[in-house]
Amino acid sequence: MTPKLSSMDDKDHAAIDIATIETVFLSKDSTASQKLCALNRLNGLLRVPSNETAGSRKRLSSIADDVVDSPIVPAVIELLKSEKIQMLCAAAMFLAKLLTATDNLAKIVELGAIVGVVDLIYSDTIEVSTCGIKILYIILSDRPHLSKDAMNKKLMDKLFRIVKSPIYSDLALNIIEIGCHVPEYRMAAIPELMCLARSEDYCVQRKVIIIMLKLCGTEDCAQAIVENGGLSVLVDMVGHKNNEIVLHAVTSLSRLATGSEVRIQAVFNSGIMARLPILLDHHKKNIRKETCNALFNFIDGSLERMGCIMFKDTTIEKVIRLLNSDYYWLVRMECLKIVWNMIETGHRYLIMSLVDRGSVEANCSVVVCSDEDMTMMALNALELILEVGIMEIRDYTRRVDDCEGTAKLELLQEHKSEKVYRKAKSLMTKYFSESLNNDGTDIFEEFQNLGL
């Protein structure tokens, strides 16, 4: 005989006998209504109290662990195949509550929960499908490596259809994001993501750009994003009113510009360059920093692209102005990398154009700093600038002196790094020795003091 559950109505949840409920699920004589009653009891048992405390959480976890160790879980997973909507929802709710209450997720997965849950998602009943999405997300967010067992093309297609529902789109996108760990499915997801990126729903756009940012880090996905119109999507997102979306869009474009020369040129021609001057004036420091990093990637190794930003707009002027300011140091570091990248080419006209825009003063402003690599970069840049000055008969040494560059070079001869010390001494000896006495004092300054 199957025990009746009505006698448990007045019992406190903590005193419910799990073994009695277990008997209901295992008995062949149990009716569907009795099993549903048992499920409802279990759901009540696993309900989080409104005034949750550490003690109640511990108690709930203990009850959940006892349930996991019983034959109840496989019986409930079997109920996920039921044709009765009420039974399906109750079974799904039980699994969702159990997964959040126990740390023994592995055992539940071993019992076949993933297959049953994925079948729920395929349901045409939105309540059932949503329960399946919630449970699958709980499982995959804790163990993303299981996405290879859960994901398939049919599921991805279903999730993208669900995304179009404003109520459940975030959950579906969370699973799509995890599913993109599986190579064969992330490639199939890219065209759909490009369409979703143009959604008017901010939450959808935000989640899509986060997924795209991750995908841009892999070569095959980066190329697929470009081929599926991702560049125009990202350039449009750069103009978004939300700062987080702007930051992720700029970072994605920066990552796309680290592959083949053809792809870098495609990014450069995408329309992003027209937006850079605005981004360099952005009120958010991290957006300015990422913009500078992106600009470095856009022009790296190409004299043609360097020439474009030099003569077509105010981008390079703004970079040099940021470098020569007292702005956020990490932004100035990125600016120095851009300037050095251009000077390092050794192209005389490019270097002279940079000097005309204030690069001597900008480099001198950072030559004394706590970062040895930055100091060396600034010193090497000054060396090439001064060399071009000699070749082109231009008094760049005077420009260095006018912005207190020589005083800083003298100071660097006391630097703890031998590499910095030798470079600074070399510059002073090679380019400024004529203006110094044997004791290192400035001859012109002595003449002025004598009134000569």
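Please read these numbers as outputs of a predicted model, since none were measured by experiment.

K.L.:
Explain the overall build of the chain to me, and be specific about the residues and the numbers.
P.N.:
Within the chain one finds 29 helices and zero strands. Computed over C-alpha atoms, the radius of gyration of the chain comes to 33 Å, more than 25% over the 22 Å expected from 2.2 N^0.38 for 452 residues, which places it beyond the range of a compact globule. Projecting the C-alpha coordinates of the chain onto the three principal axes gives extents of approximately 120 × 45 × 30 Å. Counting every position in the chain, which comprises 452 residues, the buried fraction comes to 50%. Across the chain, every contact between residues at least 6 apart in sequence was considered, and the portion connecting residues at least 24 apart equals 68%. For the chain, the exposed surface amounts to about 21800 Å²; the carbon and sulfur share of it is 51%. Positive and negative charge centroids in the chain, built from 52 and 61 side chains respectively, lie 6 Å apart.

K.L.:
Lay out the pattern of salt bridges in plain terms, naming residues and giving numbers.
P.N.:
Within the structure shown, the criterion is met by 19 salt bridges. Across the pair Arg422 and Glu418 runs a salt bridge, and its minimum N-O distance is 2.8 Å. Of the two residues, Arg422 and Glu418 are both situated in helix α28 (residues 418-431); the distance of four residues between them amounts to about one turn of the helix. Note on Arg422: relative accessible area 52%, which makes it exposed. The class for Glu418 is partly exposed, based on a relative accessible area of 48%.

K.L.:
Give a description of the packing of aromatic side chains that names residues and reports values.
P.N.:
In this structure the tally under the stated criterion is zero aromatic pairs. Note that Lys154 overlies the ring of Tyr122, its terminal NZ or CZ placed 4.1 Å from the centroid. Taking NZ or CZ as reference, Arg288 lies 4.4 Å from the ring centre of Tyr327, over its face.

K.L.:
If you had to explain the nonpolar core to someone new, which residues and values would you point to?
P.N.:
Membership of the largest hydrophobic core comes to 163 residues, with the highest contact counts inside it found for Phe25, Phe94, Phe298 and Met342. Considering every element that reaches this core, the biggest residue donor is helix α5 (residues 85-101), with 12 residues. Excluding its chain neighbours within four sequence positions, the residues that come into contact with Phe25 are Lys35, Ala38, Leu39, Leu42, Ile72, Ala75, Val76 and Leu79.

K.L.:
Kindly report on the environment of Leu39, identifying the contributing residues and their values.
P.N.:
Structurally, the position occupied by Leu39 is in helix α2 (residues 32-45). Residue classification places Leu39 among the buried residues on the basis of a relative accessible area of 0%. Distance in space between the C-alpha atoms of Leu39 and Cys369 is 67 Å, their sequence separation being 330 residues.

K.L.:
How would you sum up the environment of Met310? Please name residues and give values.
P.N.:
Mapped onto the elements, Met310 comes out in helix α20 (residues 303-311). With relative accessibility at 0%, the residue Met310 sits in the buried group. Linking Met310 and Arg206, residues 104 residues apart in sequence, is a C-alpha distance of 34 Å. Once you skip the residues sitting within four places of it in the chain, Met310 turns out to touch Ile316, Met342, Leu350, Ser353, Leu354 and Arg357.

K.L.:
Residues and numbers for helix α17 (residues 261-268), please.
P.N.:
Three or more residues of α17 are buried, namely Arg263, Ile264, Val267 and Phe268. Buried residues of α17, viewed axially, fall in a sector of 145 degrees; they line one side. Buried residues along α17 sit in contact with α14 (219-227), α15 (230-238), α16 (243-256), α19 (285-299) and α20.

About the thresholds
- Sequence positions are assigned chain by chain, starting from 1 and proceeding in written order.
- The predicted origin of the model limits local features to residues at a pLDDT of at least 70 and limits the giving and counting of side-chain atom pairs to 80 or more, whereas totals for whole chains, interfaces and linings rest on all residues.
- Side-chain measures were taken over the full set of non-hydrogen atoms in the model, leaving aside hydrogen atoms and water.
- Here a helix means four or more residues in a row that DSSP labels H or I, a strand means two or more in a row labelled E, and each is numbered from the N terminus.
- Radius of gyration means the value over C-alpha atoms here, while the globule rule gives 2.2 Å times the residue count to the 0.38 power.
- Partly exposed residues are those whose accessible area sits between 20% and 50% of the maximum for their type, while under 20% is buried and over 50% is exposed, using a 1.4 Å probe and protein chains only.
- In this description, contact between two residues means that some pair of their heavy atoms is separated by no more than 4.5 Å.
- Here the open area of atoms and residues is found with the Shrake-Rupley method and a 1.4 Å probe, where only the protein chains shown may cover a residue.
- When charges are counted, Lys and Arg contribute as positive and Asp and Glu as negative, whereas His and the chain ends are disregarded.
- To locate a charge, take NZ of a lysine, CZ of an arginine, CG of an aspartate or CD of a glutamate.
- Only one rule defines a salt bridge in this text: a Lys or Arg side-chain nitrogen within 4 Å of an Asp or Glu carboxyl oxygen.
- The aromatic pairing rule takes the rings of Phe, Tyr and Trp, using the six-membered ring of Trp, and pairs them if the centres are within 6.5 Å, calling planes under 30 degrees apart stacked, those over 60 edge-to-face and the rest tilted.
- Criterion for a charge above a ring: Lys NZ or Arg CZ within 6 Å of the ring centre, and within 35 degrees of the ring normal.
- For our purposes a nonpolar core is just a set of buried Ala, Val, Leu, Ile, Met, Phe, Trp, Tyr and Cys residues, chained together by side-chain atoms within 4.5 Å.
- To be clear, the arc concerns the directions from the helix axis to the C-beta atoms.

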